[in-house]
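Each chain, written out:
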Amino acid sequence: QVQLVESGGGLVQAGGSLRLSCVASGRTFSDYAMGWFRQAPGKEREFVAAITRRGGITYYADSVKGRFTISRDNAKNTMYLQMNSLKPEDTAVYLCAAGYIEGAARPQWYVYWGRGTQVTVSS
């Protein structure tokens, strides 16, 4: 069992930045591929970014490519999402997930989920 806890969300103006963190506990963090998803009210859960076990390869949704950066520190059992040039359409609950398939972009390929952190971008 892996427990995931997100933090770092908040209210920011368009064009601003936020850095999300996801701290894992319970199992060996480096055993898992990790991902970030987001879900806005009334919408399906959407892939944002993913990172391989050792952090060597990253994947991004087209909507965030060039603005967001995913990273991980296996020594700290933590994954990050640096979000720059935020837009109102980035407003959502951001969730981190752990799984066994590297680069997975579909929610059903992840096994463990955090509860999420709210990101609100005002125009």
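Look a little higher up for the structure.
Read on for an overview of the structure. Remember, it's a predicted structure, so these values are computed and weren't measured experimentally. (Residues numbered from 1 in each chain as written. Predicted model: local features only at pLDDT ≥ 70, side-chain atom pairs only at ≥ 80, totals over all residues. Heavy atoms only, no water.)

### Considerations on the sheet that holds strand β1 (residues 3–7)
Then, in step 1: Read across the open sheet, the four strands follow the order β1-β3-β8-β7; overall the sheet is antiparallel. Because the sheet does not close on itself, it has two edges, and the strands there are β1 and β7 (68–73). Going from strand to strand, the sheet's axes swing by 15° on average, the running direction of each strand aside.
Then, in step 2: Pairing geometry for β7 and strand β8 (residues 78–83), over six bridges, is antiparallel. (Pairing = 2+ DSSP bridges. Helix = DSSP H or I, 4+ residues; strand = E, 2+ residues; numbered from the N terminus. Axes fitted to C-alpha atoms, helices over the stretch in contact; angles between N-to-C directions.)

### Observations regarding the pattern of salt bridges
Then, in step 1: Summed over all chains, the structure comprises five salt bridges.
Then, in step 2: When the shortest N-O distance is used, the salt bridge between Glu46 and Arg38 registers 2.9 Å.
Then, in step 3: Using a relative accessible area of 33% as the deciding quantity, one classes Glu46 as partly exposed.
Then, in step 4: Residue Arg38 pairs with Asp90 through a salt bridge whose shortest N-O separation is 2.9 Å. Remark: Asp90 occurs in the loop between β8 and β9 (92–99) and Arg38 occurs in strand β4 (residues 33–39); sequence separation between them is 52 residues.
Then, in step 5: For Arg38, a relative accessible area of 6% translates into the label buried.
Then, in step 6: The class for Asp90 is buried, based on a relative accessible area of 0%.
Then, in step 7: Here the salt bridges share partners, and the residues they tie into one network are Arg38, Glu46, Arg67 and Asp90. (Salt bridge = Lys/Arg side-chain N within 4 Å of Asp/Glu carboxyl O. Buried < 20%, exposed > 50% of the residue type's maximum accessible area, 1.4 Å probe, protein only.)

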